[in-house]
Amino acid sequence: MRESFSIAGLVRPELEKLMPYEAKLYPEAIKLDANENPYPFPESLSSKIGELAAGDVLSRYPDGAALELRRDIAEYVGTEPEQVMVGNGSDELILNILLTFGTGGRVLITNPTFSMYKIHSQIAGARPIPVPRRGDFSIDVPALVCYARQPEAKVVFLCTPNNPTGNSTTLEEIEGVLQQVSCLVVVDQAYLEFGGEDALPLLKRYPNLIILRTFSKAFALAGLRVGYMLANTDVLRQIEKVRQPFNLNAFSQAAARTVLANRDVFKEQIQTVLEQREVVQRGLKSIKGVDSYPSATNYILFRTNHDSKVIFQGLLERGVLIRSLGGPELPGFLRVSIGTPEQNTKFLQALDQVMQQVGRD
Ligand SMILES: *Cc1c(COP(=O)(O)O)cnc(C)c1O
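All figures in this text were calculated on a predicted structure; none of them were measured in a lab.

> How should the UniProt feature "domain: Aminotransferase class I/classII large" (unreviewed entry) in the chain be read in this particular structure?
Mapped onto the present numbering, the UniProt feature "domain: Aminotransferase class I/classII large" (unreviewed entry) falls on residues 29-351. Across residues 29-351, the secondary structure splits into 40% helix and 19% strand, with the terminal C-alpha atoms separated by 14 Å.

Here it is, written out as structure tokens:
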């Protein structure tokens, strides 16, 4: 007779409540849900990158240390290659930080913020502890410090500018945390190209600082998964132990170098996105029943008095995909990425129609 088998009895208990991450595709809709660069990838660069997919790039293992890319990133941000680690998206780096330092400990998360800090904490067997932001979404430094000084605390995540709220944290606030804690402080700057203050100058003075950045947003490479981390060598040496030896494929490494070498192409796009952000902000303010929030990023947070799912669905029916937030922390809130001028006009028109339909109370 066969032994009885129960998959639920084998899975790690901390994964029991975790739901697989689902990103539904709506290929027909205008995509303003994931804060990507909305412009068609520059053709001059696509052909250069296309030519990279040949020979050794395909048949040989990549440079596991990604030396050339790390050198280029170091030059771009103004640090040393030894202080750079690259990842298969910054998502992978978040997981690697938590696998190195978090397992069995506590991770402090300034909610509402990027969802992957909590998810990766659970995957790594760390306990995520929410430290709520204030009403204006600024971080509560004294509360954060209080939690972070407890011995179980291993990692603090601070996203600035913050996803999904769009506001940024000042260097003084970040320094206020760094000075008073002895756990690691991860400052996620995925949107730095759009606004906020660069935390890099703090790296020299604070050995417990880790900075995360990415090619997925301003540099239009979300599909190739290239993120990077800036930290002191003692910290990186520990994280090296959990990093997969060939975590960033050769094609993505080469493509990211090409993007960096041609980054002027993106400057203009970033500038247009910033101008369009003000256009969308004005548009949102002119729609009755909609409250929008200031943004230092390429997206805007807004709310209505209706269930965010209803607004989301109404927009989707009109061909516009944005992000519905909701939940106890952000009831009635949604987030829209800044698109091209045409996309933004369509979004604002669609939202105005949806608000007319649901009633502007
Ligand atoms: C989009 C985003 C990232 C993800 O970056 P990848 O490099 O694509 O994994 C990281 N952090 C924040 C806050 C983001 O919004």
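Now, onward.
> Would you mind showing me how to read the sheet that holds strand S12 (residues 323-326) here?
In a beta sheet, neighbouring strands pair by backbone hydrogen bonds and run either parallel or antiparallel. Taken together, the 4 strands give an open sheet; going across it, the order is S9-S10-S13-S12, and neighbouring strands pair in antiparallel fashion. Each having just a single partner strand, strand S9 (291-292) and S12 make up the two edges of the open sheet. Sheet analysis places strand S10 (residues 299-303) next to strand S13 (residues 330-337), joined by 5 bridges and oriented antiparallel. Looking at S13, one finds that Ile300 is bridged to Val336. Of the strands in this sheet, S9 and S10 are in contact with helix H11 (residues 264-286), which crosses S10 at around 10°.

> Would you explain the site of the ligand in this entry?
Residues in close proximity to the ligand total 14 residues, the closest being Asp188, Tyr191, Thr214, Ser216 and Lys217. In this structure, Thr214 approaches the ligand through a side-chain N or O atom, which is 2.6 Å from an oxygen atom. At a separation of 2.6 Å, an oxygen atom of the ligand approaches a polar side-chain atom of Ser216. Among the elements that line the shell around the ligand, the one with the most residues is helix H5 (residues 89-102), at 3 residues. Looking at the shell around the ligand, its residues break down into 5 nonpolar, 5 polar and 4 charged.

> It is not clear to me how the domain arrangement of the chain should be interpreted in this structure. Could you clarify?
Interfaces are often sized by the amount of accessible area the parts lose when they come together. Splitting the chain by domain gives domain 1 (7-40 + 265-360) and domain 2 (53-261). Computed from C-alpha coordinates alone, the two centres of domain 1 and domain 2 are separated by 24 Å. Tallying the contact residues gives 27 residues for domain 1 and 30 residues for domain 2. For the pairing of domain 1 and domain 2, the buried interface totals around 2100 Å² over both sides, and the portion due to carbon and sulfur atoms is 66%. Taken together, domain 1 and domain 2 are joined by 0 salt bridges. Where domain 1 meets domain 2, there are 9 residue pairs in polar contact (both at pLDDT 80 or more). Going through the elements one at a time, H11, S10 and S13 are the ones with two or more residues in the side of domain 1 that touches domain 2.

> What is the right way to read a nonpolar patch on the surface from this model?
Side chains of Phe5, Ile7 and Leu10 sit close together on the surface and give an oily, nonpolar patch of about 370 Å² of accessible area. Position of Phe5 relative to the elements: it lies in the segment before helix H1 (7-10). Assessed through its relative accessible area of 53%, Phe5 is described here as exposed.

> I would appreciate a short explanation of the pattern of salt bridges in the present structure.
Side chains bearing opposite charge may pair, as long as their charged atoms lie close to each other. Enumeration over the complete set of coordinates arrives at 14 salt bridges. Here Lys31 and Glu36 are joined by a salt bridge, their closest N and O atoms 3.1 Å apart. The class of Lys31 is partly exposed, set by a relative accessible area of 40%. For Glu36, a relative accessible area of 28% translates into the label partly exposed. The salt bridge partner of Glu175 is Arg205, with a shortest N-O separation of 2.6 Å. Here the residue Glu175 occupies a position in helix H8 (residues 171-180), and Arg205 occupies one in the loop between strand S6 (184-188) and strand S7 (209-214), the gap between them amounting to 30 residues. Linked through salt bridges whose partners overlap, the residues forming this network are Lys31, Asp33 and Glu36.

> Any chance you could explain the packing of H5 against helix H6 (residues 116-123) here in plain terms?
Helix-helix packing: each pair is described by the crossing angle between the helix axes and the interaxial distance. At a minimum axis distance of 9 Å, the contact between H5 and H6 shows a crossing angle of 45°. With respect to H6, the axis of H5 lies oblique. Seen from above, H5 lies across H6 with right-handed handedness. Between H5 and H6, the contacting residues are Asp91, Ile94, Leu95 and Leu98 on the first element and Met116, Tyr117, His120, Ser121 and Ile123 on the second.

> Can you help me understand H6 in this one?
Think of an α-helix as turning once every 3.6 residues; residues three or four places apart then point the same way. Judged by how many residues are buried, H6 sits mostly within the fold: 6 of 8 residues are covered. Along H6, the residues that are buried comprise Met116, Tyr117, Ile119, His120, Ser121 and Gln122. Considering only its buried residues, H6 is in contact with H5, strand S3 (106-109), strand S4 (127-130), strand S5 (153-159) and S6. Remark: Gly125 follows H6 within two positions and exhibits a positive phi of approximately 75°.

Each value, and the rule that gives it
Residues numbered from 1 in each chain as written. Predicted model: local features only at pLDDT ≥ 70, side-chain atom pairs only at ≥ 80, totals over all residues. Heavy atoms only, no water. UniProt positions renumbered as here; feature names shortened; annotations may be inferred. Helix = DSSP H or I, 4+ residues; strand = E, 2+ residues; numbered from the N terminus. Pairing = 2+ DSSP bridges. Contact = heavy atoms within 4.5 Å. Axes fitted to C-alpha atoms, helices over the stretch in contact; angles between N-to-C directions. Near = heavy atom within 4 Å. Polar contact = N/O pair within 3.5 Å; in protein donor to acceptor, adjacent residues only side chain to side chain. Nonpolar A, V, L, I, M, F, W, Y, C, P; charged D, E, K, R; others polar. Domains from an automatic or database assignment. Buried area = accessible area lost by both parts, 1.4 Å probe. Salt bridge = Lys/Arg side-chain N within 4 Å of Asp/Glu carboxyl O. Patch = residues over 30% accessible without salt bridge, like charges linked within 9 Å, V, L, I, M, F, W, Y side chains within 5 Å. Areas by Shrake-Rupley, 256 points an atom, 1.4 Å probe, with all protein chains shown as cover. Buried < 20%, exposed > 50% of the residue type's maximum accessible area, 1.4 Å probe, protein only. Parallel < 35°, antiparallel > 145°, perpendicular 65-115°, else oblique. Left-handed = near helix turned anticlockwise from the far one by under 90°.

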